[in-house]
Amino acid sequence: MITGSKLWSIAMITSLLAACSSPATTSTTANAATSTIGTTKTVSVSEQTSVKYADLVSLDADDTNISWSEADSTAIKLNGTTATVTGSGAKAANGSVTITEAGTYVLSGELTDGQIMVNVADKGTVHLVLNGATIHDNDSAAIYIQKAGKAVITLEKGTKNTVSDGKTYVYADATTDEPDAAIFSKADLTFNGAGQLTVTGNYNEGITSKDDLKIISGNIRVKAADDGIKGKDMVAIQAGTITIEAEGDGIKSTNDTDTTKGFVAIAGGTFDIQSGNDGIQAETALVTDGGTYNIVTAGGSANAPAKVEEGPFGGGGGGWGGGTPPTDMGTPPDGEPPADMPEMPSNSGTNAGANTNSAAASISTNTTATTDSDADADTATTATESTSAKALKAGTDLTVNGGTYTIDSMDDSLHSNNNLSVNDGKFSIESGDDGIHADQALTINGGTITIAKSYEGLEGAIITLNDGDVDVTASDDGVNAAGGETETAANTTASTDSPTTATDTDTTSNISVTETTGTTSTTDQTFQGTAAAQQGRGPGGMGAASNNEFHINGGTLTVNAGGDGLDSNGSITMTGGTVIVNGPTDNGNGALDYDGTFEISGGYLVAAGSSGMAQGTSDASTQNTIVMTFPATQKAGTLVHVQDSEGNNILTFAPAKDYQTVVVSSPDLVKDGSYVIYSGGTSTGKAVDGLYTDGTYSGGTQVVAFQSTSNVIWANESGVTTANSGMGGPGGGRGQGGFGGGRNRTQSGTTSESTGTTDAAK
């Protein structure tokens, strides 16, 4: 029995989210058809999906039945090209055995070229016990469940069993293409028992069920020319040891016509999967409650195609496409670009600098109906991706409730075409693309996640960190809140009527929508933006902020990024937790990069990186922040120390990369406090991810002392500065963008206004 209410509810949530996530030029509502020009919609999503294995899968007595006796079963003794049947319900002829009645059948011996066929007209349950059986068919499936109510294959404890087929099948006519797996069932198929089973699918697939496929227990090894284990309506795994070597997908479900089916649910087990395409792929939902997973896709992350950022106006890297900007961006006067800044594009067109938030779809090379809408919003690859090689992939929602995962994937390691929730688990990830990606909401509620290699670490339209320990290393953005919306031309309006009413008590969804009607012309928004979107920013953006959001409510997040550290095409909020950002080192990216606002009310933030695109937190924040720009780039490992006038430690930090600007926000900072910033020196404290606690700091060089006068202080070696309008990057709606905008910072420690060192801070 399949419980479909959760899947339906999740699908409805997705529809509502999509309806609320339209850009400024498109109004899409869930319950009424409206068309609004000049309306900015902001979507805030806090979604925790609590769906588990037991919510989707129920077992009956047949699924767990492993018992049999000689008196109550039919014995099938295999002997080369012949077989002997003792009992009723089966007949042997021409080297094959046909079972025509429900019941229990015990197979032993070896069949070198023949088939075990089940054809039960009354739709009863057929129980096959593999009791030391080796079955091979040269030109068809070795075990073919053609007709039955259900088939259960028990692996007798202490036995080794082998099932295989040939490389070429012979079909009755040209229109026939089934069976196509070494074990093929048109009925529900269940595996149980404590024995071993080795399946070799030389023709195509290893194990296939056209209905439900369940694995209750057993030691199962599959090698397949295409997919390893495939079920149409579901793949449900309760336990067992499963080893798969597949040229296609490792484990997959395929029903794309019924939203309550086509899922993969795993309660536990041990998995070792090496696949040419996806490791575990669900047409709809993928749920894992536990288990131990070792997954390598397409040879691993080392085989990923090289990523090449788009040009300077292509919407990447905070205005530089994430690529390599000029090595020396200079120290220009306020409001003027450096000499080597490329010429800004004309704003005479419609949304000339708008971020398209789209990427080419990635699909599996084998013909399935899954649409893989990778929202890698700001990237392009050197080659068109024709292979989906993700480790865990869901067509709708992906929910991880626990387990241990070691992943080396050519493509995304965890990927959802909709929402993705990590509630617990331990992850060791190396990815050739995104570490964890959701087209819509990505929510982390717990677990230990180490992304040692990725292009972008975390990516989703709405990203929420509630708890957990997350460590990200990315060649581009560490965290990227992007995508999840359909961008249209600035002079286009659209209307969608998608009435949605759904309630599910087991799935918590909290979606709030704020509509603010603006007066900005919809035909020319290139250099426009609301005051809220610009307040407290660094360089101004080319294009209004999108609906993307990054929420930090707890947990720890450590980022080492080659591109932006924390990047949101919309806004960032932080209410708790600890965030440490290292990088970038080039001036075309920033440790913090947001197009809307960054409001912080709690937690601890330290972000060290280059100064060229530096941003602090927003003035609307209720927790105070210091943004310090040093007169020159500091070497990696050089301590930066902030203390108050009484010598109390605010920050002692050793950035992992070269840096020139450091942003620190702490509950210990006060609006009218006096502070001293030091560079270099040593600390006797304990460092975790470069952040020191306890101990004594000494030996550093005082850079500046100052009196705080506001909740966001910009400082350099001369004292407090004003983040006046200044040079931004030529952006594409992402990152800072062009000149102007709102409240900008002074470049490279050069100030237009400064206050001298205060006596109180000395």
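For the structure, check the block above.
Note that the structure is a prediction, hence the values are computed from the model and not measured.

Enquirer: For the overall build of the chain, give the residues involved together with the corresponding values.
Expert: Along the backbone of the chain there are four helices and 62 strands. By residue count, 58% of the 762 residues in the chain fall in the buried class. Relative to all contacts within the chain whose residues are 6 or more apart in sequence, the contacts with residues 24 or more apart total 62%. When the accessible surface of the chain is summed, it comes to about 26200 Å², and 47% of that surface belongs to carbon and sulfur atoms.

Enquirer: Tell me what's going on with the packing of aromatic side chains, and back it up with residues and numbers.
Expert: Scanning the model with the defined rule gives 11 aromatic pairs in all. Ring geometry for Tyr171 and Tyr203: centres 6.5 Å apart, planes at 65°, overall edge-to-face. One end of the pair, Tyr171, is in the loop between strand 11 (160-165) and strand 12 (181-185); the other, Tyr203, is in the loop between strand 14 (196-201) and strand 15 (205-209), and 32 residues separate them in sequence. Joined through ring pairs, the aromatic side chains of Phe271, Tyr293, Tyr405 and Phe427 make up one cluster. When the ring centre of Tyr455 is taken as origin, the NZ or CZ atom of Lys307, which lies over that ring, is 5.4 Å away.

Enquirer: Any details on the pattern of salt bridges? Residues and values, ideally.
Expert: Here the structure, examined in full by the defined rule, presents 12 salt bridges. Where Asp249 meets Lys252, a salt bridge forms, and the shortest distance between an N and an O atom there is 3.0 Å. Of the two residues examined, Asp249 and Lys252, each falls in the buried class. One network of salt bridges, in which partners are shared, links Asp60, Asp63, Lys150 and Lys214.

Enquirer: Talk me through the nonpolar core; I want residue IDs and the actual numbers.
Expert: One finds Leu414 and Leu566 to be the most contacted residues of the largest nonpolar core, which totals 102 residues. Top contributing element to this core by residue count: strand 8 (residues 125-137), with five residues. What Leu566 contacts, discounting residues up to four positions off in sequence, is Val479, Phe550, Ile552, Leu557, Val559, Ile572, Val579, Val581, Ala591, Leu592 and Asp593. Counting 25 residues, the second-largest nonpolar core is a separate cluster that includes Phe630, Ile650, Phe653 and Val703.

Enquirer: Summarise the pairing of strand 43 (residues 549-552); cite the residues concerned and give the values.
Expert: Burial along strand 43 is two-sided: the face carrying Glu549 and His551 and the face carrying Phe550 and Ile552 are both buried. Bridge count between strand 39 (residues 462-465) and strand 43: four bridges; the pairing is parallel. Residue pairing in the sheet places Leu465 in a bridge with Ile552 of strand 43. In terms of strand pairing, strand 43 meets strand 46 (residues 571-574) through four bridges, oriented parallel. The partner of Phe550 across the bridge, within strand 46, is Ile572.

Rules used throughout
- Residues numbered from 1 in each chain as written.
- Predicted model: local features only at pLDDT ≥ 70, side-chain atom pairs only at ≥ 80, totals over all residues.
- Heavy atoms only, no water.
- Helix = DSSP H or I, 4+ residues; strand = E, 2+ residues; numbered from the N terminus.
- Buried < 20%, exposed > 50% of the residue type's maximum accessible area, 1.4 Å probe, protein only.
- Contact = heavy atoms within 4.5 Å.
- Areas by Shrake-Rupley, 256 points an atom, 1.4 Å probe, with all protein chains shown as cover.
- Phe/Tyr/Trp six-rings, centres within 6.5 Å; stacked < 30°, edge-to-face > 60°.
- Lys NZ or Arg CZ within 6 Å of the ring centre and 35° of its normal.
- Salt bridge = Lys/Arg side-chain N within 4 Å of Asp/Glu carboxyl O.
- Core = buried A, V, L, I, M, F, W, Y, C linked by side-chain atoms within 4.5 Å.
- Pairing = 2+ DSSP bridges.

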